[in-house]
Amino acid sequence: MKKHFFAVFLLSFLTLVFSCNDKDKTVTLVMAELNPDGSISAQMDEFFVQKVDELSNGKIKIQLHTAGILGDNVSVLKILTQPNGEIHLARVSPAALVEYGCPNHQLLDVPFTFSNHNHFWNFSNSSLAEKILDEPYKNNVGVKGLFFGEEGFRHFFSTKPLLSIEDFAGKKLRTAGTEVVSGIARSLGSEPVQVNFSTLYSALQTGIADIAEQPIANYYSNHFNKVAPYMILDGHQMGIMEVVISSQVWDSLSEQNQGILLQAGKLASEFCNKITQENEHNSRELLEGEGVQFTEVADISAWQKACANLINSIVDTNTQLYGEIITLAD
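Keep in mind that this is a model prediction, so the values were computed, not measured.

Quick word on helix α13 (residues 319-326)
Taken residue by residue, α13 has Leu-321, Tyr-322 and Ile-325 as its buried positions. The buried residues of α13 occupy an angular sector of 100° when the element is viewed end-on, so they sit on one face. For α13, the exposed residues set more than 90 degrees away from the buried face come down to Thr-319 and Gln-320. Elements that come into contact with the buried residues of α13 comprise α4 (117-124), α5 (127-138) and α12 (308-315).

Details of the layout of surface pockets
Taken as a whole, the largest pocket spans an internal volume of roughly 780 Å³. Forming the boundary of the largest pocket are 39 residues, of which Asn-73, Ser-93, Ala-95, Ala-176 and Thr-178 lie nearest the centre. Secondary structure elements with two or more residues in the lining of the largest pocket: α3 (73-80), β4 (143-158), β5 (172-175), α6 (179-187), β7 (211-215) and β8 (230-246). Considering each element in turn, the lining of the largest pocket owes the most residues, four residues, to β8. Residue classes in the lining of the largest pocket are distributed as 16 nonpolar, 14 polar and nine charged.

Description of the nonpolar core
Formed by 65 residues in total, the largest nonpolar core has its most connected members in Phe-48, Phe-123 and Phe-156. With 20 residues, the next largest nonpolar core counts Leu-200, Ala-203, Phe-224 and Leu-287 among its residues.

Topic: unusual backbone geometry
In this structure, Ala-67 is a non-glycine residue whose phi angle is positive, near 60°. Of note, Ala-67 is situated in the loop between β2 (60-65) and α3. The backbone phi angle of Asn-84 is positive, close to 60°, even though this residue is not glycine. On the secondary structure map, Asn-84 appears in the loop between α3 and β3 (89-92).

Remarks on empty space enclosed by the protein
A complete count under the given rule lists two cavities of 30 Å³ or more for this structure. Each pocket or cavity is described by its volume, and for the largest cavity that value is around 60 Å³. The wall of the largest cavity is formed by Ala-32, Glu-33, Leu-34, Gly-68, Gly-71, Asp-72, Asn-73, Val-76, Ala-90, Arg-91 and Val-92. At the level of elements, α3 and β3 are the ones that each hand at least two residues to the lining of the largest cavity. For the lining of the largest cavity, the per-class residue count stands at five nonpolar, three polar and three charged. Here the second largest cavity is characterised by a volume of approximately 40 Å³. Every residue along the wall of the second largest cavity is listed here: Leu-108, Val-110, Phe-112, Thr-113, Phe-114, Phe-153, Gly-235, His-236, Gln-237 and Met-238.

What counts and how
- Along each chain, numbering runs from 1 in the same order as the chain's sequence is written.
- Whole-chain, interface and lining totals are the exception, using all residues; otherwise, since this is a predicted model, local features are given only for residues with pLDDT of at least 70 and side-chain atom pairs are given and counted only at 80 or more.
- With hydrogens and water stripped out, all remaining heavy atoms of the structure feed into the side-chain values.
- To sort residues, take the accessible area from a 1.4 Å probe on protein chains only and compare it with the maximum for the residue type: under 20% means buried, over 50% means exposed, and anything in between is partly exposed.
- Helix and strand definitions follow DSSP, with helices as H or I runs of at least four residues and strands as E runs of at least two, each counted in order from the N terminus.
- When we speak of the arc, we mean the arc of directions from the helix axis to the C-beta atoms.
- Any pair of residues with heavy atoms lying within 4.5 Å of one another is described as a contacting pair.
- Here a cavity denotes a set of grid points, spaced 1 Å apart and computed over the protein atoms alone, in which a 1.4 Å probe fits but from which it cannot get out, and a pocket denotes an open set meeting protein on both sides within 12 Å along at least five of seven lines; residues with an atom within 4 Å of a point are reported as lining.
- Grid points are joined across faces, edges and corners, and a volume is the space filled by probe spheres set on the points.
- Under the grouping applied here, Gly and all other residues not named as nonpolar or charged are polar, the nonpolar ones being Ala, Val, Leu, Ile, Met, Phe, Trp, Tyr, Cys and Pro and the charged ones Asp, Glu, Lys and Arg.
- To define a nonpolar core, start from buried Ala, Val, Leu, Ile, Met, Phe, Trp, Tyr and Cys residues and group those joined through side-chain atoms within 4.5 Å.

Written out as structure tokens, the structure is:
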């Protein structure tokens, strides 16, 4: 409750000044980030903010608010998609845009799509990525995608040892409400339970949820290992991040300023590519030092088989585009 009132109080002082065709005016934008300072996503955001400032010679200012102070993905997207919202940019999960009428975004959430980091970055630098980024704007959702990043592969972690698929049976697996993660939970024999990210730590602590999933670096930066010190490295999804901007704000910007945001986004995406694997490696070493038990998965075929019906049900909505994503693997 206090966080909510603080966010409202904070936003009441933030002002958006649109430059349109007036180069002498400063554009001030508010950006929301769910994860804390030091996380991969926050580092990427900070780099983006810095590059926007540099490329615009200080004419575009972005006020970045991390650690979910402005709300979770659901509440932030609700504000972004409404006219005259007080949040103008956000780093979100692509899956969050599916329910807004962006079916192609769900293809990025299909389990075991990306074979490695290079596969994802081949996609991110392709015309296919541009097509998916433009989907919400073309579908009049109220936001436009600017660029993609990634936090590493997502893995399951638990309050009890996870050694194989059999250990998921009858457990409560946290989902943010997305159909895909709920489908994965059921495919593995677990019960999906919807828990907001802001309350996930306490949910694991109190037994509301037994299992959750995050990339290794994000698992570490949010201290989930303190309450759930077991992780199985199944890599069921890539932790894809998408930075979006309000369509209303985008349309209000000059072509020059739009170009600056896109150029800064490209640089931020490249920066993310450089830091992700290093952060993941360092986080794993620190976690092992704190007693986290990691279980390697040598063969994911059993996992793919368990999720086969789910995978096919999503891919069938756009087999051509999904096939093109798959062919970008090295």
